[in-house]
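Read off the chains here:
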Amino acid sequence: LFLHRLGKDDKGFAMYIDRQRSWFQHNSIHERRVEGGISTGSTVGVLLDLERHTLHFIVNEMPQGSVAFRDLYGVFYPAVSVNRGVTLTLHTGLFAPHMDYH
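None of the values given here were measured: they were computed from a predicted structure.

## A closer look at the pattern of salt bridges
And then number 1: Using the criterion set out here, one finds 3 salt bridges in the structure.
And then number 2: The shortest N-O distance in the salt bridge between Arg-21 and Asp-18 comes to 2.8 Å.
And then number 3: Note that Asp-49 and Arg-52 form a salt bridge whose closest N and O atoms lie 3.3 Å from each other.

Written out as structure tokens, the structure is:
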């Protein structure tokens, strides 16, 4: 069994989140820990803005920092990874939230 964590190489951009905090990972580098995690019923959003070349993560309608990753160009393959025993519902094609880019 081979498990590859998202964000471990130069192709992956990830947010990890648990019950207490979240953090971003790219190329095996952990960055910008944010206090406050998720619980049962939480909503996690991912916004890839191809016009601004940025990636944002939103938890319960609150942005996790201003911009998670910037200067993103190329082809993208969205992926979601969850731990054992976690249940989720995936909704696609939703309207993008208004993001404050200041």
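## Quick look at unusual backbone geometry
And then number 1: One non-glycine residue, His-53, adopts positive backbone phi at about 60°.
And then number 2: With respect to the helices and strands, His-53 occurs in the loop between strand S4 (44-49) and strand S5 (54-59).
And then number 3: Phi is positive for Asp-71, which is not a glycine, with a value near 60°.
And then number 4: Examined against the element boundaries, Asp-71 turns out to sit in the segment after strand S7 (69-70).
And then number 5: The exposure class assigned to Asp-71 is exposed, which follows from its relative accessible area of 60%.

## Focus: the environment of Trp-23
And then number 1: Positionally, Trp-23 belongs in strand S2 (residues 21-26).
And then number 2: Trp-23 gets classed as buried once you look at its relative accessible area, which sits at 12%.
And then number 3: Expressed as a C-alpha distance, the spacing of Trp-23 and Val-34, which sit 11 residues apart in the sequence, is 6.2 Å.
And then number 4: In this structure Trp-23 touches Ala-14, Met-15, Tyr-16, Asp-18, His-30, Glu-31, Arg-32 and Arg-33, once residues within four positions along its chain are discounted.
And then number 5: Side-chain polar atoms of Trp-23 contact the side chain of His-30, separated by 3.1 Å.

## Here we look at the sheet that holds strand S3 (residues 29-35)
And then number 1: Spatial strand order, S1-S2-S3: 3 strands in an open sheet with antiparallel pairing. Looking along the sheet, the strands with just one partner apiece sit at the ends: strand S1 (13-17) and S3. For this sheet, the mean angle separating the axes of adjacent strands, direction not counted, is 20°.
And then number 2: Inspection of the sheet shows S2 paired to S3 by 5 bridges, in the antiparallel sense. By the bridge assignment for S3, Ser-22 is matched with Val-34.

## Quick word on the pairing of S2
And then number 1: With 5 bridges joining them, S1 and S2 adopt antiparallel strand pairing. Residue pairing for S2: Tyr-16 is matched across the bridge by Trp-23.
And then number 2: Hairpin connection, S1 to S2: the antiparallel pair is bridged by 3 residues.

## Points about the confidence of the model for the chain
And then number 1: Summarising the model, the chain shows a mean pLDDT of 82, and 92% of its residues fall at 70 or more.
And then number 2: Mean pLDDT across the secondary structure elements of the chain bottoms out at S3, with 80, and peaks at S7, with 92.

Rules behind the numbers
Residues numbered from 1 in each chain as written. Predicted model: local features only at pLDDT ≥ 70, side-chain atom pairs only at ≥ 80, totals over all residues. Heavy atoms only, no water. Salt bridge = Lys/Arg side-chain N within 4 Å of Asp/Glu carboxyl O. Helix = DSSP H or I, 4+ residues; strand = E, 2+ residues; numbered from the N terminus. Buried < 20%, exposed > 50% of the residue type's maximum accessible area, 1.4 Å probe, protein only. Contact = heavy atoms within 4.5 Å. Polar contact = N/O pair within 3.5 Å; in protein donor to acceptor, adjacent residues only side chain to side chain. Pairing = 2+ DSSP bridges. Axes fitted to C-alpha atoms, helices over the stretch in contact; angles between N-to-C directions. pLDDT = per-residue confidence, 0-100.

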